[in-house]
Amino acid sequence: MSDVTTAEFNEDGKYIRKIRSFVLREGRLTKGQSQAIEAHWPAMGLDYTPQPLDLNQVFGRDADTVLEIGFGMGASLVQMAKAAPEQNFIGIEVHKPGIGTCLSEAGAAEVTNLRVYHHDAMEVLEHSILDGSLARVQLFFPDPWHKKRHNKRRIVQAEFVQLVRRKLKIGGVFHMATDWENYSEHMLDIMNAAEGYNNQSTTGTVVERPDHRPLTKFEARGHRLGHGVWDIMFERIA
Ligand SMILES: C[S@@+](CC[C@H](N)C(=O)[O-])C[C@H]1O[C@@H](n2cnc3c(N)ncnc32)[C@H](O)[C@@H]1O
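Residues numbered from 1 in each chain as written. Predicted model: local features only at pLDDT ≥ 70, side-chain atom pairs only at ≥ 80, totals over all residues. Heavy atoms only, no water.

Draft legend 1. Molecular detail of the pattern of salt bridges. Enumeration over the complete set of coordinates arrives at seven salt bridges. A salt bridge links lysine 169 to aspartate 64, with the nearest nitrogen and oxygen atoms 3.2 Å apart. Here the residue lysine 169 occupies a position in strand E6 (residues 168–178), and aspartate 64 occupies one in the loop between helix H2 (55–59) and strand E2 (65–69), the gap between them amounting to 105 residues. In this structure, arginine 166 and glutamate 126 form a salt bridge, with 3.3 Å as the shortest nitrogen-oxygen distance. Residue arginine 166 is located in helix H6 (residues 158–167), and its partner glutamate 126 is located in helix H5 (residues 121–128); the two are separated by 40 residues in the primary sequence. Each of Glu126, Asp131, Arg166 and Lys167 takes part in salt bridges that share partners, so that together they form one network. (Salt bridge = Lys/Arg side-chain N within 4 Å of Asp/Glu carboxyl O. Helix = DSSP H or I, 4+ residues; strand = E, 2+ residues; numbered from the N terminus.)

In C-alpha cells form, the structure reads like this:
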C-alpha cells in the first residue's frame, strides 16, 4: 500500500505545502481490519500510481463506473456495490482503519465490483482517472470544517468541482450529501457558479435522497433528532 499523498516539490526542490481536505489521524488498526487488508487488498486494493487506470482491465468488463471520495468505513459504499452488480465502484479513502473495515464488509458481502484506493482523492482524480470516464462521483458527508477560518479546507471548491466535471462523462452526475446546512449552501454556491453543470433539482436547490444512496446509521439517528440532510446532484452537460 502506497503513502496517502505524494510529496511535491517546486523547481528549486522546495517542498510545497498544500491545503488538504483532511488531517491524518492514523488510529490503530484493529486485528480484524488488518486481517481484512491482508486478505482482500490483493483483489480489491488499487495501489496509487500517477498513470491512468484502465477501467476495463481492472474490472474485466466495460460497465458504468461510480467513484466515491472519502467513504469513511465504507458501509454505504459496500451496500451500493452489492445492490448494483452491473456497475463498477471505486472508493477512495485516506483513513486506513476505514479501508480495513470496508474491505472486511466487502469480503463478507462477496462483492466483486468494488476496488479501493488508500490515497488522497485529489491526486487519484488528477492522475489515475481518465477524463470523461465516470458515470457518477459521490461525496457523502465530507468533513464540514465548521470554523470560518477552516472553510478553505472544504474539499468542495471551484477548482475541485471542475476536476470532478472533467472526469465525468457528459450526462454523468456529481452527487453530494451533507448534514451541515452551511456546507450545503456553500456547495450550491460553488456549483451554481460552475461552468458545464446543470442542477438536477427542479427547484434549483437540493434533491430528495435518491434510493441508490443508503441511509447511514448516523443519518437515521440524525433524523430521529430532527437534524437535516441535504442531497445535491448536478449533471455534467458540457
Ligand atoms: C466526515 S467523514 C465521512 C465518511 C463517510 N462518507 C460517511 O458518510 O460516513 C469524511 C471522510 O473523508 C475522508 N477524506 C477527506 N479528504 C479526503 C481526500 N482528499 N481523499 C480521500 N479521503 C478524504 C476522511 O478521511 C474521512 O474519512
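Draft legend 2. Just the packing of H5 against H6, in detail. Relative orientation of the contacting elements H5 and H6 amounts to 40°, with a least axis distance of 10 Å. In terms of orientation, H5 lies oblique with respect to H6. Pair H5 / H6 crosses with left-handed handedness. Taking contact as the criterion, the partners of Met122, Leu125 and Glu126 in H5 are, on H6, Phe160, Leu163, Val164, Arg166 and Lys167. Here the residues of the contact of H5 with H6 are counted per class, giving five nonpolar, no polar and three charged. (Axes fitted to C-alpha atoms, helices over the stretch in contact; angles between N-to-C directions. Parallel < 35°, antiparallel > 145°, perpendicular 65-115°, else oblique. Left-handed = near helix turned anticlockwise from the far one by under 90°. Contact = heavy atoms within 4.5 Å. Nonpolar A, V, L, I, M, F, W, Y, C, P; charged D, E, K, R; others polar.)

Draft legend 3. Molecular detail of the sheet that holds strand E7 (residues 197–199). Pairing is mixed across the open sheet formed by eight strands, whose spatial order is E1-E4-E3-E2-E5-E6-E8-E7. The two strands at the open ends of the sheet, each matched to only one other strand, are strand E1 (45–46) and E7. Across six bridges, the pairing between strand E5 (residues 134–140) and E6 is parallel. The residue of E6 that forms the bridge with valine 137 is phenylalanine 174. Taken strand by strand, H5 contacts E2, strand E3 (88–92), strand E4 (114–117) and E5, and its axis lies near 150° from that of E2. (Pairing = 2+ DSSP bridges.)

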